[in-house]
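# Analysis of the macromolecular model
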Amino acid sequence: MLLCVQALQTSRLRFDGDPAAVRVNHAAAATVENSGPEPEHEGYAAPEPQPLPSPSSSSPNPSITTGPAITPQQPQTRKKQKHLKPIRRPLTKEELLALVDPYDDTEEIGRVEDYLQYLRDPYMRGYAEPEQPKVTLARTAEDEEYPSLEQVLEPADEGTRHVLWELRFAVLTRLRSPHKVDLDHIYELYQRLPEPRMLYLHARFRHQLLRALGQPDERDSASMLRYFAVIADVKNTGIPLTTAEWNCAIVFATKYVGRVTDVEVDTALKLWREMELEAGIRATDVTFNILFDVATKAGNFPLAEMIYREMESRGHRYNRYHYTSLIHFFGLKHDTSGMRAAYREMVEAGEIIDTVVLNAMISGLLRSGEEAPAERIYERMKALSLGPSSTNPFSPNSPPILPVRTPLSDRFITQALLMLSKLSRRHPHAQPHLQDMAPLAPDLQTYRILANHYGVKRGDLGRVAAYLDDMKHFHIPLHHSIFLALFKGFARHGGYPRSPWSEQRLEGIWNALLQALDAAQEGEGGIEVRTWLAIWCLRAFAKCAGSRERRVLEVYDVLKARWALSPEEEQFMGDFLSGLVNRGFGK
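Structure report, in brief. (Residues numbered from 1 in each chain as written. Predicted model: local features only at pLDDT ≥ 70, side-chain atom pairs only at ≥ 80, totals over all residues. Heavy atoms only, no water.)

Below, the discussion takes up the packing of aromatic side chains. Scanning the entire structure with this criterion turns up 17 aromatic pairs. Between Trp-165 and Phe-169, the ring centres sit 5.8 Å apart and the planes meet at 5°, which makes this aromatic pair stacked. With Trp-165 and Phe-169 both in helix 5 (residues 158-176), this residue pair falls four residues apart, about one helical turn. Where Phe-292 meets Tyr-308, the ring centres are 6.3 Å apart and the plane angle is 50°; that geometry is what we call tilted. Of this pair, Phe-292 sits in helix 11 (residues 285-297) while Tyr-308 sits in helix 12 (residues 301-313), placing them 16 residues apart in sequence. You'll find Phe-292 and Tyr-308 in the same group, each marked buried. Three or more aromatic residues joined by ring pairs form one cluster here, namely Phe-292, Phe-301, Tyr-308, Tyr-318, Tyr-323, Phe-329 and Phe-330. Directly above the aromatic system of Tyr-190 lies the positively charged group of Arg-197, at a separation of 5.6 Å from the ring centroid. Lying across the ring of Phe-252, Arg-219 places its NZ or CZ 5.3 Å from the centre. (Phe/Tyr/Trp six-rings, centres within 6.5 Å; stacked < 30°, edge-to-face > 60°. Helix = DSSP H or I, 4+ residues; strand = E, 2+ residues; numbered from the N terminus. Buried < 20%, exposed > 50% of the residue type's maximum accessible area, 1.4 Å probe, protein only. Lys NZ or Arg CZ within 6 Å of the ring centre and 35° of its normal.)

Next up, the structure:
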């Protein structure tokens, strides 16, 4: 399915006769020609990625062809395939700790609190901590369960009664099968109720409605405004919100944008203040983890440390959310020792280690310049997912074909891991067997991190091509974020003579994107043209194409025929194209 591997394989091609004619050199699959020495962190030598065995012709992913045309094979029916999980011995705590290398052999990793204390007081002056105010507010259970079935307003006409029945059926269907009912349809039915709408819904139905609206396919501005409109109706009616509903509101207020800024941080703090001081609901460990994550991603590290200390003063216990956020926090601070300390404490606390935790370690190490340890973690993830080398994708030692991850499945997996962590703490002797149930194979986020680092930041096209080969071997379907990283790499590193990011390879990636979009329209994938993907695609052609003006306009017309943008986004794209033309296509 990874059609762009054909285009990027030319980074490992050798020319034969005419420079325009190329063919795949399988013997040099582990090396990249015309690539200079890579910068290495002091004390480490970045290992070359190990090539994986190519899947057989019966693999669901299309095979790589050596000709100019790329013809995807028809995907096989997965119901008839029985893929066995790779057989491996359960990992002990010592083996989990060995997944992450220390900075050097002489360094002794301390406690997480030691590194946080050093960040708060780098000169070790030993300032006294101020005493935190202790405020306790009460709330009755009757308020939360209002109105009951006997207290709801009776519909005045048959039309309102029918709308209520349709809304109840749509909400229950959405909670059971999210793909069958759209949230816009649920919100439209809710808007058809007469004012005050919330008094027509009993308490249990109201909680179900808010839970359905709080789990959109993607958190964007539209889903955020829709949820806060319903929340406003609840507050205007005088009905209190539950802790989970307040937490969901804080998440919506901070994650509807791609990059968190001080505006989202201020909004989250205002909601937290309203939650505790006005509504009288104490923040839980989930609330503090949301606030800590928001402050960290916004770069407000002093605020993140204050939230961390407040959580500790209230006696909240750490879970996998907090440890993973701590790893990300130390990664943003380029403190790899703090990352390793948080990882070690997570393992010793009995938490289950999965791909999400290892992705956080890889991301922080790459951001801090330690590429060799990050590469070793990735190679160990591959080794744990694969048994002895095998070229048969249906053998017990081959990676299993996993279903496509969705936000709903991610929530279920997280809840399952939290449950396994509780069992691991209660029954320490069963921890290795419980850990064996957690997924450790590289996923889409792993390759997104690696492609953005080596493709966008480093400009190493050969390394990116090797990772795309690994994606094909692990049966990971294409995603628009991978194409986005590739087009960013062409826009930043292409456009000059003898660059590996050449126009020929860009055209190959473009053809792969078009075929992936065609397959998505036929229900074989989930790729779609979004604003940022279109922007970087146009920038890449403006930088690398020979006849830039004509080719950029052709690409824009093709994208316009395939995207499904709102009128405002289409206007934005038109203005962007005009600005690109006026600037002379990046010259």
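Further remarks concern helix 24 (residues 548-562). With 15 residues, helix 24 should reach 21 Å at 1.5 Å per residue; the first-to-last C-alpha distance of 21 Å fits that figure. Buried residues in helix 24 make contact with helix 22 (503-521), helix 23 (531-544) and helix 25 (567-582). (Expected span 1.5 Å × (residues − 1). Contact = heavy atoms within 4.5 Å.)

In this section: the side chain of Asn-319. Inspection of the secondary structure assignment puts Asn-319 in the loop between helix 12 and helix 13 (320-332). Looking at Asn-319, its side chain comes within polar contact range of the side chain of His-322, at 2.7 Å. Not counting residues up to four positions away in its chain, the partners in contact with Asn-319 are Asp-285, Glu-351 and Leu-418. (Polar contact = N/O pair within 3.5 Å; in protein donor to acceptor, adjacent residues only side chain to side chain.)

Function cannot be inferred from these measures alone, as they are strictly geometric.
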